[in-house]
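Residue-level structure breakdown
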Amino acid sequence: MNDFKFPADFLWGAATASFQVEGYPLADGAGPSNWHVFSHKPGTIANDHNGDIGAGQYKKYKEDVQLMRWLGLKAYRFSISWSRIFPEGTGKVNEAGLQYYQNLIDELLANGIEPWPTMFHWDLPQALEDRFGGWQSKDTAKAFGDFVAYVTSKISDRVTNYFTVNEIVCFTRSGYESGVFAPGLKLGSKAVAQTVHNGCLAHGLAVQAIRANAVKPAKIGLAENMTAAVPVYEIEENINAARTSFRHGCADKLVPMLEGAYPDFWLENMGGNVPEYTDEEMKIISSPIDFVGSNIYAPTYVEADDNSPFGFRNLEFPDGYPKMNMDWLRIGPGISYWTPRFLKELWGVDSYITENGCAAQDKMSLDGEVYDTDRLMYLRQHFLAAQRAVSENIPLKGYFVWSLMDNFEWSSGYDKRFGLIYVNYQTLERTPKLSAKFYREVIKANAVV
Ligand code: PNW
């Protein structure tokens, strides 16, 4: 009988990001981030929401750690806001900003929860947008390396695991090409490709900075959102096609990081829009890492196709394909099996699911409970797929649900709720949803219940 068990050391966690949960972005001497500036421009964010309050974690972190403890989390993935610590991006340190993260880390450890910081989750110091054009410039990547070196030297006595950057495509393409995210620019193809390369360079410089400055051996990875390719049905031809599609989707990020070079098909395809880079930078970008984090939400179904140049075809979705409460959030739990499997087959890496979860139309009912059976079933199917992976000895080491609590969902503002814990934005009161009670039992049993 399959009892849907996970390995004893499987790391159950939940994730958030600084700008989305903390609130009070200018408190205690912090400088503005590009997301602070962007979200205060009328018309950029649904309902003109902004991050001024977030979920208020900056003031309520102790209460939130108690909720994590109630859940039984083994690890908390949070991000460190660069402009709280370096208000100008470089130069003078704001001690109070650093102190906040030291307090949070101490509180987590005192409650038996491992801190898993992400060094960059999109909130770039606005000063670096102004001085360098943000991710358009390699100077921003260099400044990131310096920031990471400094923070590592201050927290590495209590931190072992680090994520460098979160979702390169979202802080580069979505910010500088489509302009839906900060800083809201619409640049040409070559300039955009340069931002992506500079994001990879920032990752590599951060890996080196952590290795050089950590006072005890560090484990390092990044959190990436890849094209989560899934064979549309499981015959050998479709599985091979999906693996190729997965690698193609990673061509300008994970491939250079894990193989040391941009792939030929990508260079040919990019033609004159290939970014400026040096051999030295490719060495930095491919600095060895310990694991890959995958942020996976929605599938791309792939079918073998002998008539296409690389033997695969990513399928269109029919209208009416089931979704959660977000345009792009199509339901397809197979990603929690296939992503760790392809990461192993292509590059032999350990992996964590660093984000998975969904937005749902949560309502507090009259009895004070939030019955998010839709989110619960979404998560349950994903856990079953992850369990399939670990049962086949695929090195999937842990799972961070996005998100611990409702928060600022970027351009969608506060109406799209992703949390296990409901936040009343009038009072900042927290209420665990039904999905949180379910997750607590999964963690307790170390099995899908
Ligand atoms: C991730 N897509 O972003 C981020 O890391 C989180 O900060 C965010 O809150 C979460 O997922 C939910 O959106 C994504 O278009 C942004 O497919 C866009 C997509 C996926 C993830």
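Look up a bit, the structure's there.
Report follows, based on the coordinates. This one's a predicted model, so the numbers in the text were calculated from it and none came from an experiment. (Residues numbered from 1 in each chain as written. Predicted model: local features only at pLDDT ≥ 70, side-chain atom pairs only at ≥ 80, totals over all residues. Heavy atoms only, no water.)

Moving on: the pattern of salt bridges. Any two side chains of opposite charge can pair, so long as their charged atoms come close to each other. Going through the model one piece at a time under the given rule, you end up with 27 salt bridges. For E177, the salt bridge goes to R173, with nearest N and O atoms at 3.2 Å. Since its relative accessible area comes to 23%, R173 is described here as partly exposed. Of the charged contacts, one joins R247 and E259 as a salt bridge, the two residues approaching to 2.9 Å between their closest N and O atoms. In this pair, R247 is assigned in helix 11 (residues 236-249) and E259 in helix 12 (residues 254-259), connecting sequence segments twelve residues apart. Overall, R247 belongs to the partly exposed group, its relative accessible area being 24%. Residue E259 is classed as partly exposed on the basis of its relative accessible area of 39%. (Salt bridge = Lys/Arg side-chain N within 4 Å of Asp/Glu carboxyl O. Buried < 20%, exposed > 50% of the residue type's maximum accessible area, 1.4 Å probe, protein only. Helix = DSSP H or I, 4+ residues; strand = E, 2+ residues; numbered from the N terminus.)

Glancing now at the packing of aromatic side chains. In total, this model carries 56 aromatic pairs according to the counting rule given. With 5.1 Å between their ring centres and 35° between their planes, W122 and F181 make a pair best called tilted. In this pair, W122 is assigned in the loop between strand 3 (114-120) and helix 6 (126-132) and F181 in the loop between helix 9 (173-176) and helix 10 (189-213), connecting sequence segments 59 residues apart. Like W122, the residue F181 is buried in the burial classification. On the numbers, 5.8 Å between centres and 55° between planes, the contact of Y301 with F317 is tilted. One end of the pair, Y301, is in strand 8 (residues 300-304); the other, F317, is in the loop between strand 9 (312-314) and helix 15 (335-347), and 16 residues separate them in sequence. Given the relative accessible area of 18%, Y301 is considered buried. Taking NZ or CZ as reference, R77 lies 5.3 Å from the ring centre of F163, over its face. (Phe/Tyr/Trp six-rings, centres within 6.5 Å; stacked < 30°, edge-to-face > 60°. Lys NZ or Arg CZ within 6 Å of the ring centre and 35° of its normal.)

Moving on: helix 3 (residues 57-71). Because each turn of an α-helix spans 3.6 residues, side chains separated by three or four positions end up pointing in the same direction. Counted at 1.5 Å a residue, the expected span for helix 3 with its 15 residues is 21 Å, but the 17 Å between its end C-alpha atoms falls short. Of all the bends in helix 3, the greatest measures close to 45° and is centred on E63. Inspection of helix 3 places Q57, Y58, Y61, D64, V65, L67, M68 and L71 among the buried residues, and these make up the whole buried set. Once helix 3 ends, the next one or two residues include G72, with phi positive near 90°. (Expected span 1.5 Å × (residues − 1). Bend = angle between axes of the 7 residues up to and from the residue.)

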